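Read off the chains here:
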Amino acid sequence: MKKLRFLYQTWYTFDIPIYDHSYTLKIFPRENERQYIESLVETMSYGSSHSYSFDAFGNKTVYGYMGEPHDQFGFEISGIAVVDGEKKERDSRLLSLFRSPSSMTQPAQVLREALKAACDNCLEKSCYKKSFDKLTTVEKVMYLSDCCHESLAYTPEVTNIFTSAAEALTLGRGVCQDYAHILLAFLRLLHIPARYVVGFMSGEGYTHAWVEAWCDGCWQGVDPTNAKLIDEGYIKLSHGRDYNDTVVCKGHFYGQAKQSQKIRVQVEELPG
Amino acid sequence: MLELNKHVNTVNALLARYGVKFGIYKNHTFKEQLFPFDTIPRVITHDEFAYLEKGLSQRVTALNRFLADIYGEKRILKDGVIPEEFVYSSSGYLAACEGIMPPKGVYSHISGIDLVQGKDSAWYVLEDNLRIPSGASYPLIARDLCRKASPSTFKRNHISDNRDYAALLKETMDSVNTGGINVILTPGRYNAAFFEHSYLAEKTGAVLATGNDLAVMGDYLYYKGYGGNNQKVGALYRRVSDEYLDPMTFEETSLIGVPHVFDVYKKGNVALLNAPGNGVADDKGIYYFVPKMVEYYLGEEAVLHNAPTYLPFYEEDRAYVMEHFDNLVIKDVAEAGGYGVVFGSSLEGEEKQRLKDLVNEQPRRFIAQEVIDFLDLEVLDRDGVVERKADLRAFVLTGADQVHVWKSGLTRFSRIEGCSIVNSSQGGGFKDTWVLSR
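The following refers to the structure shown. In this text the structure is predicted, and so the values were computed from the model without any measurement.

## Focus: the packing of aromatic side chains
Residue and element names in this part refer to chain B. As enumerated under the stated definition, the model contains 36 aromatic pairs over all chains in all. Ring centres of phenylalanine 37 and phenylalanine 430 lie 5.0 Å apart, and the angle between their planes is 50 degrees; this geometry places the pair in the tilted category. Highlighted residues: phenylalanine 37 in strand E3 (residues 37–44) and phenylalanine 430 in strand E21 (residues 429–435), separated in sequence by 393 residues. For the pair shown, phenylalanine 37 and phenylalanine 430 are each scored as buried. Note on phenylalanine 195 and tyrosine 199: the rings are 5.2 Å apart at their centroids and 25 degrees apart in plane angle, and the pair reads as stacked. Pair noted here: phenylalanine 195 and tyrosine 199 are both in helix H9 (residues 194–204), with a separation of four residues, about one helical turn. The residues phenylalanine 195 and tyrosine 199 share a single accessibility class, namely buried. By way of ring pairs, the aromatic residues Phe35, Phe37, Tyr138, Phe195, Tyr199 and Phe430 are connected into one cluster.

As structure tokens, this is what we get:
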């Protein structure tokens, strides 16, 4: 068990004032079997009205409206999370949905071929020295995560939030979001329910994305960007079918402003 | 009836004056065209309508149960009655609606069911429209004008009065209203059905609003009045499609929706008519399963039949479709308004092969139906009475406690001889539908 102190700040600056601004934020760490939130402080520019809600996947959101002109918008969330790596989430709601392709993980030919090659080469390539169909579900997930890790060269700013799994794989480069989408597409082609996860990871200055796969009655987190299973250094914010379901900050405003964004993420381990 | 025919030009001139038009936005240009009215009504006998009424309320009840199941327990998928890929690959399925129970449990408040009558005089359902079916206002205003043109026609014949539509619609809105005013949300005057939006608002006493007139504040939706005098909205009959309804949950670029309206709907603080996510039930692929839904949820045999349909998704059906291609009509499930409908026999050589290949490659995208020989209806043409193909859109209103089939409907006909695509967006005309009261 680990105790992690986290801090997450995002600040937007607009060069001219914007108005009629609606926003939705998914910034609250989830509470589940593996993760307990001991304390939480939320600071933000709420505007004239705001409220809380939950999306279809159970992610908590805060939404609101700022009618008056303003040139800044931001939020900060901080607190302490207790993560227990021994425990797993067992929520089996929507499994059939997580087994189906989503808009960013459509099963294009390039994904089918890559998956077939990975399965065919399993006996010689994997550390298990077994053919793919002999692996347990967790082993399959780990092996495919490794394959996915090898299929991309980590490169920031060559892909964007609209890049699909197939596009990233064709390009051969990308960031955590792209690794996660490719692994999701692989798992769903094999009818293994899998979901996209956004959260923090100790030592990273940004939010991170990884995958959870349904293995024998519980969700196993796996990080294809770093080719490892998730450990007690990961704090989960939200999950969904793909990136689109977990957008941290969504806004809608009037005004032809140029915006700039500053993000700060800090995660540090506290002595038990 | 003959008396009425003398007034055909007057009635059409009045319809044009009232703005009964159809706006079509195609290839970046907006064109408004009249929706030609034919004074010869479609007549449905009392007994025949009783049969339709029974079948239609049964069908809509089952469809509502299906929607509650899909966004809830998903029993019908677990029991293997419908393959899950049909649901999750449907563009009308909205994951955002998972776990939401709309006010009073009603999903499809206003349902438009398209039927045709075959030459064997049997009725077949061609399509269910559970999102925002339009068209009720056309027979409504046409009846009103016809009554003025020839009052004696309506005295002599025993015709059910269809002017109760507005009252039924208001009752439906009131019955699911969560506390507040009734509002009709329109995308604006360039929408194809703007006439209908304004007409129904006027007739039901609901406020006609565009997205900018509404705002979510905290946990409720408000109609923005003058000087900050905001009124809470309890029922929103939105004539904006799901994807544009709320830019914060659906299409981000939408300027015709209301930000966060979905959040307050989810909290049970406003009723949306019809509920978002209904598209999963009127998907052309799901259509095939509707008679099975009736059996599954209601334990009854479906009164109304589908047109004989094949799903290339099933191998056996695919083989049949390939073999009998020329006798079938192939429909792309993603298209609407009469687009994406191809008669197998109308294609030649390479073109035919291309469509066959496409069906083989993407079987989930298509359905194939036997071509039904529609019963022709008489239409008054410039040269006299001619026979044309027609369909019937019946309207079923579902409120908190009752399902009501409107004793009228929109009869659309093709103005081209032999053509069976009757959609108004394809240049068709319409008729009043008389349901005899005895």
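## Here we look at the nonpolar core
Nonpolar side chains in soluble globular proteins generally cluster together in the buried interior. Counting 84 residues, the largest nonpolar core has B:Ile82, B:Leu214, B:Leu221, B:Leu236 and B:Met293 as its most contacted members. With nine residues, the single largest contributor to this core is helix H3 (residues 46–70) of chain B. Excluding residues within four positions of it along the chain, B:Ile82 makes contact with B:Phe66, B:Ile76, B:Leu77, B:Val87, B:Ile286, B:Phe289 and B:Met293. Counting 65 residues, the second largest nonpolar core, distinct from the first, contains A:Met44, A:Val62, A:Met104 and A:Ile182.

## Let's talk about the interface of chain A and chain B
On the side of chain B, 25 residues touch chain A, which itself brings 25 residues to the contact. For the pair chain A and chain B, the two sides together bury roughly 1900 Å², of which 53% comes from carbon and sulfur. Among the residues chain A hides against chain B, the three largest losses belong to A:Tyr63, A:Lys250 and A:His252. Together they make up 29% of the total. Seen at the junction of chain A and chain B, the total is two salt bridges. Of the charged contacts in the structure, one is a salt bridge between B:Glu84 and A:Arg99, with a shortest N-O distance of 3.0 Å. Run the count over chain A and chain B and you get 15 residue pairs in polar contact (both at pLDDT 80 or more).

## Examining unusual backbone geometry
Between B:Leu273 and the following residue, B:Asn274, the backbone shows a cis peptide bond with an omega angle of -10 degrees. Take B:Asn274: it is sitting in the loop between strand E11 (271–273) and helix H12 (284–287). Within the chain, A:His191 stands out as a residue other than glycine whose phi angle is a positive 65 degrees. Secondary-structure assignment places A:His191 in the loop between helix H6 (176–189) and strand E8 (194–201). For A:His191, a relative accessible area of 57% corresponds to the exposed category. One non-glycine residue with positive phi stands out, namely B:Lys104, at about 65 degrees. Position of B:Lys104 relative to the elements: it lies in the loop between helix H5 (84–88) and strand E4 (110–117).

Basis of the calculations
Residues numbered from 1 in each chain as written. Chains lettered and ligands numbered in written order. Predicted model: local features only at pLDDT ≥ 70, side-chain atom pairs only at ≥ 80, totals over all residues. Heavy atoms only, no water. Phe/Tyr/Trp six-rings, centres within 6.5 Å; stacked < 30°, edge-to-face > 60°. Helix = DSSP H or I, 4+ residues; strand = E, 2+ residues; numbered from the N terminus. Buried < 20%, exposed > 50% of the residue type's maximum accessible area, 1.4 Å probe, protein only. Core = buried A, V, L, I, M, F, W, Y, C linked by side-chain atoms within 4.5 Å. Contact = heavy atoms within 4.5 Å. Buried area = accessible area lost by both parts, 1.4 Å probe. Salt bridge = Lys/Arg side-chain N within 4 Å of Asp/Glu carboxyl O. Polar contact = N/O pair within 3.5 Å; in protein donor to acceptor, adjacent residues only side chain to side chain.

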